[in-house]
Amino acid sequence: MAVLDAAQATTARPPSRAFFSPALDFLCLGGGSLLLLPILTWAMPDTLHVSSLYWASLLAYVINDPHFAHSYEIFYRTFRAVVTDPNSDRKLFLRYMWAGVVAPILLVLFFAIALPIGDVRILGYAGNAMGFFVGWHYVKQGYGMLMVDAALRRSYFGNADKKILVVNSYACWILSWLVTNKVVAQRDFYGLSYAAIDTPPVLLWATAVVLVVTSIASAYILFRHARAHRGAIPINGIAAYIAALYPWLLMAREPVLGAFIPAMHSLQYLLIVWRYQLNVEHARPDAGDRFPRIKAFGFAPSRMTLRFGGFIARAIFFGFFGFVVFPKFFDNVVPFDHTLYGDYLFFFVLIIFINIHHYFIDNAMWRKENPHTLPHLFRRR
């Protein structure tokens, strides 16, 4: 999720200090991940790592796949309004056109050219590129959560502090990505190895120095900010920021963490997207209309409740079919060289396509100049 500095915008009714509740926000935005990490890293015996990977895969289906489906629905639902509005911000228009039209066409062309060549290294580097964009996207979302929580509490960060915090985010991810490429020459992913790049030691050390310096500076910024805003410390945002950055550094030592990180990211995302969608439904004139004929347990659901339930149901449906049914169908029906590509070629291709495309979608959608997302992001009092 891109940074929403425009959370500082004022409205007639000020936003609540939480998306749902302070406790739930803490657990979903990052606090729950920070509580889980010690268990995954140090307390869990090696004999349980295999079963933990099973649970991580299950979490991916339950949490990660719907989060992709939500992003596609919201983006393409707002696409026409952005690109056809003559008053749309020019940069926003270009971002939407790139994310909604150009990027997916280029990705399809890449696979259309790469697959017939029959060189698995090309797909291997595509998988590595996916990993780069995924991590870049995750740390940006963690930074964005910090900015949003600070805005909710009316305890804003200055521009210089923001630059240091975001540079620290990027440095953390780049070092993690470089270390992973250094430690693991090739990684197997559903039968396909995706290749690592050569990592010069000087680049590793230079990035590590940047990370150490910016981490110290960021810790000081957060401490100073907490002292200046004692009654409005963005605790949930700080937890989200830490949880989105530093677990990556442990991944080379504890690969099992890599299986859980997508679920941690998606849990952050679902909290924000569900608040956004609830606000969208609540703003409709007929939101409070009820359906007595559908009454259950003495409760007649409102249009808002039914539409929000449909929003979640669609994400589960399309997430399951998009990541399980469709790729399995094509892997079984479409002929390809299984000795070269393994048995899950289309699943591999779909994972790369959606993860890279998702990065560009979110980078366009959750921005301060987007009037179709920002006004519905915060819960009103």
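In this text, all values refer to a predicted model and were calculated from it rather than measured experimentally. (Residues numbered from 1 in each chain as written. Predicted model: local features only at pLDDT ≥ 70, side-chain atom pairs only at ≥ 80, totals over all residues. Heavy atoms only, no water.)

### Side note on the packing of helix H3 (residues 90-117) against helix H12 (residues 345-365)
In step 1: For the pair H3 and H12, interaxial distance at closest approach is 9 Å and the crossing angle is 165 degrees. Judged on the interaxial angle alone, H12 and H3 are roughly antiparallel. Handedness of the crossing formed by H3 with H12: right-handed. Each of Leu 92, Arg 95, Tyr 96, Trp 98, Ala 99, Ala 103, Pro 104, Leu 107, Val 108, Phe 111 and Leu 115 in H3 lies in contact with H12, whose residues at this interface are Leu 345, Val 349, Ile 352, Phe 353, Ile 356, His 357, Phe 360, Ile 361, Asn 363, Ala 364 and Met 365.
In step 2: Across the contact of H3 with H12, the residue classes tally to 19 nonpolar, 2 polar and 1 charged. (Axes fitted to C-alpha atoms, helices over the stretch in contact; angles between N-to-C directions. Helix = DSSP H or I, 4+ residues; strand = E, 2+ residues; numbered from the N terminus. Parallel < 35°, antiparallel > 145°, perpendicular 65-115°, else oblique. Left-handed = near helix turned anticlockwise from the far one by under 90°. Contact = heavy atoms within 4.5 Å. Nonpolar A, V, L, I, M, F, W, Y, C, P; charged D, E, K, R; others polar.)

### Comments concerning empty space enclosed by the protein
Taking a probe equal in size to a water molecule and rolling it over the atoms shows the remaining empty space.
In step 1: On inspection of all chains with the given rule, the structure shows 5 cavities of 30 Å³ or more.
In step 2: Volume-wise, the largest cavity comes out at about 100 Å³.
In step 3: Lining of the largest cavity is provided by Leu 29, Gly 30, Ser 33, Tyr 138, Ala 243, Ala 244, Pro 247, Trp 248, Ile 261, Met 264, His 265 and Gln 268.
In step 4: Those elements giving two or more residues to the lining of the largest cavity turn out to be helix H1 (22-43), helix H7 (235-245), helix H8 (247-250) and helix H9 (256-282).
In step 5: The leading source of residues in the lining of the largest cavity is H9, at 4 residues.
In step 6: Split into classes, the residues belonging to the lining of the largest cavity amount to 8 nonpolar, 4 polar and no charged. (1 Å grid on protein atoms, 1.4 Å probe; cavity = no way out; pocket = protein on both sides within 12 Å on 5 of 7 lines; lining within 4 Å. Points joined across faces, edges and corners; volume = space filled by probe spheres on them.)

### Some remarks on the packing of aromatic side chains
In step 1: Using the criterion set out here, one finds 27 aromatic pairs in the structure.
In step 2: Considering the side-chain rings of Phe 79 and Tyr 96, the 6.3 Å spacing of their centres and the 35 degrees angle between planes classify their relative orientation as tilted. Of this pair, Phe 79 sits in helix H2 (residues 49-84) while Tyr 96 sits in helix H3, and the two are 17 residues apart along the sequence.
In step 3: Phe 79 gets classed as buried once you look at its relative accessible area, which sits at 16%.
In step 4: Residue classification places Tyr 96 among the buried residues on the basis of a relative accessible area of 0%.
In step 5: An angle of 85 degrees between the planes, with centres 5.4 Å apart, marks the rings of Tyr 276 and Trp 366 as edge-to-face. Of this pair, Tyr 276 sits in helix H9 while Trp 366 sits in the segment after H12; the two residues are 90 residues apart in sequence, bridging distant segments of the chain.
In step 6: Tyr 276 sits in the buried class, given a relative accessible area of 2%.
In step 7: With relative accessibility at 0%, the residue Trp 366 sits in the buried group.
In step 8: Chaining the aromatic ring pairs together yields one cluster made of Trp 98, Phe 132, Phe 133, Trp 136, Tyr 170, Trp 177, Tyr 359 and Phe 360. (Phe/Tyr/Trp six-rings, centres within 6.5 Å; stacked < 30°, edge-to-face > 60°. Buried < 20%, exposed > 50% of the residue type's maximum accessible area, 1.4 Å probe, protein only.)

### Digging into helix H10 (residues 303-333)
Quick reminder: α-helices carry 3.6 residues per turn. Residues three or four places apart thus point the same way.
In step 1: Considering bend angle alone, the principal kink of H10 is centred on Phe 321 and spans about 40 degrees.
In step 2: What H10 keeps buried is the set Met 304, Phe 308, Gly 310, Phe 311, Ala 315, Gly 319, Gly 322, Phe 323, Pro 327 and Asp 331. (Bend = angle between axes of the 7 residues up to and from the residue.)

### Brief notes about the environment of Pro 200
In step 1: Topologically, Pro 200 is positioned in the loop between strand S2 (192-195) and helix H6 (201-228).
In step 2: Assessed through its relative accessible area of 35%, Pro 200 is described here as partly exposed.
In step 3: Separated by 18 residues in the primary sequence, Pro 200 and Lys 182 have C-alpha atoms spaced 8.7 Å apart.

### Looking at a nonpolar patch on the surface
In step 1: On the surface, Trp 98, Val 101, Val 102, Ile 105, Leu 106, Leu 109, Ile 113 and Ile 117 cluster together to form a nonpolar patch covering roughly 700 Å² of accessible area.
In step 2: With respect to the element layout, Val 102 can be found in helix H3. (Patch = residues over 30% accessible without salt bridge, like charges linked within 9 Å, V, L, I, M, F, W, Y side chains within 5 Å. Areas by Shrake-Rupley, 256 points an atom, 1.4 Å probe, with all protein chains shown as cover. Salt bridge = Lys/Arg side-chain N within 4 Å of Asp/Glu carboxyl O.)

### Considerations on the layout of surface pockets
In step 1: A volume near 480 Å³ is recorded for the second largest pocket.
In step 2: For the second largest pocket, the lining is made up of 21 residues, of which Gly 322, Phe 326, Leu 350, Phe 353 and Ile 354 are closest to its centre.
In step 3: Secondary structure elements with two or more residues in the lining of the second largest pocket: H2, H3, H10 and H12.
In step 4: Across the lining of the second largest pocket, the residue classes break down as 18 nonpolar, 2 polar and 1 charged.

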